[in-house]
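Working through the structure, step by step
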There are 2 protein chains.
Amino acid sequence: MPSKSDPITMDAVYTAPGYLFRRMQQIAVAIFVEECKAYDLTPVQYASLVSIRTHPGIDATRLSAVIAFDRSTLGSVIERLEAKAYIERKPSPGDKRTKLLYLTKSGAALLRDIIPSVERAQARILQRLKPADRKTLLALLTQLVDLNNEASRVPLRAEDALEHLGRSG
Amino acid sequence: MPSKSDPITMDAVYTAPGYLFRRMQQIAVAIFVEECKAYDLTPVQYASLVSIRTHPGIDATRLSAVIAFDRSTLGSVIERLEAKAYIERKPSPGDKRTKLLYLTKSGAALLRDIIPSVERAQARILQRLKPADRKTLLALLTQLVDLNNEASRVPLRAEDALEHLGRSG
DNA sequence: TCCATATTGTAAGTATGCTGTCAATCGAGA
DNA sequence: TCTCGATTGACAGCATACTTACAATATGGA
């Protein structure tokens, strides 16, 4: 623990959790893009597609809560997925404000085909660690994300996905 | 390990290393910004300032290697730091292509003042873990970033910082 | 019913982070 | 010395990620 009078050096930057998480995010995205380059799909777009397949007819606001992405950002993500014809937006019968999201056949096919590449990418991220260390890191990471859920600007609300099925509560 | 025929569920997304690192990056940035909001400085701008203070007269390309940020992106970061008068760009006497970067008095003062907030932010990121787990996670994270250095689009090249002092060898 | 409040999608503005490309410049070898 | 290839900073373009704001719409309570 550095004292107040220590000059901050590059070493303090390199060992800061925030810096390390930034680097790992860069590395994880680079590996994902490399493994999936045949499909022209980003990690965010992939997560969105999986979520829409799991929750057909979800709206954009609920989708943002389910994958913990910013609501504003998600607008353009959805636009791009629609432009590539992987999803469809249909007006909600009950609420004129919302548009409901569905996978197209093309989107479902893409999702089926890309899975091996995505799994290869996820495996590669931790590959260079010893198997026991992989398990330890993944467990601590999962725990830390969960403990800090409320600290992020867009906390994960997985249960929100159920609401579009009709509010019985 | 899911088999080829398993449907991918949200759970597979939530437990993927790439997703977890993205979440932690979001969380770490949110905590940094919150702790440092009095200073109007982003994590990237902070790392740049520290690096320029450690290596006065460094050029933009070498700076990008030292903090592993993209060279194109760094251009606008430097612009913003210069607009806020935290750094100065001076033409290099030996090389008409490069501009050398220096902290201003104002930048040095800011760096001095902001350190407690930055340290508080970094501590907060891991705070909710048990002390032993913090050490374990940090060690594994450091190891993993190092092992995957070449996988990122902009590998860290800390030793590049020395080159601007004159090539003796 | 009417109205204050909330929600939804969208947009504008800022900041990373990456892909390219380009002109100016540099450096090394023929 | 001349020229070719590399380097440098700048720019354009795309994709996240956040902020605020806004209009349309919904909802709950007086």
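Residues numbered from 1 in each chain as written. Chains lettered and ligands numbered in written order. Predicted model: local features only at pLDDT ≥ 70, side-chain atom pairs only at ≥ 80, totals over all residues. Heavy atoms only, no water.

**Observations regarding the packing of helix 4 (residues 60-67) of chain A against helix 5 (residues 71-83) of chain A**
Residue and element names in this part refer to chain A. Where helix 4 contacts helix 5, the two axes come as close as 9 Å, and the packing angle between them is 110°. If you check the angle between helix 4 and helix 5, you find them roughly perpendicular. Judged by residue contacts, Ala-60, Thr-61, Leu-63, Ser-64 and Ile-67 of helix 4 engage Arg-71, Leu-74 and Ile-78 from helix 5. (Axes fitted to C-alpha atoms, helices over the stretch in contact; angles between N-to-C directions. Helix = DSSP H or I, 4+ residues; strand = E, 2+ residues; numbered from the N terminus. Parallel < 35°, antiparallel > 145°, perpendicular 65-115°, else oblique. Contact = heavy atoms within 4.5 Å.)

**Some words on the protein's contact with DNA strand D**
Neighbouring DNA strand D are 27 residues, the closest being A:Thr42, A:Lys96, B:Arg22, B:Thr61 and B:Arg97. The sugar-phosphate share of atoms of DNA strand D within 4 Å of the protein amounts to 69%. At a separation of 2.8 Å, a base oxygen of DNA strand D approaches a polar side-chain atom of A:Ser72. Here B:Lys99 contributes a side-chain N or O atom positioned 2.6 Å from a phosphate oxygen of DNA strand D. (Near = heavy atom within 4 Å. Polar contact = N/O pair within 3.5 Å; in protein donor to acceptor, adjacent residues only side chain to side chain.)

**Description of the packing of helix 7 (residues 131-147) of chain A against helix 7 (residues 131-147) of chain B**
Between helix 7 of chain A and helix 7 of chain B, whose axes approach to 10 Å, the crossing angle comes to 115°. Crossing of helix 7 of chain A over helix 7 of chain B shows left-handed handedness. The segment helix 7 of chain A lies against helix 7 of chain B, with A:Asp133, A:Thr136, A:Leu137, A:Leu140, A:Gln143 and A:Leu144 engaging B:Asp133, B:Thr136, B:Leu137, B:Leu140, B:Gln143 and B:Leu144. (Left-handed = near helix turned anticlockwise from the far one by under 90°.)

**Some thoughts on unusual backbone geometry**
One non-glycine residue, A:Asp40, adopts positive backbone phi at about 55°. You can see A:Asp40 is positioned in the loop between helix 2 (17-35) and helix 3 (43-54).

**Considering the side chain of B:Asn148**
Along the chain, B:Asn148 turns up in the segment after helix 7. The residues touching B:Asn148, leaving out its near neighbours within four places in the chain, are A:Ile27, A:Ile31, A:Arg124, A:Ile125 and A:Arg128.

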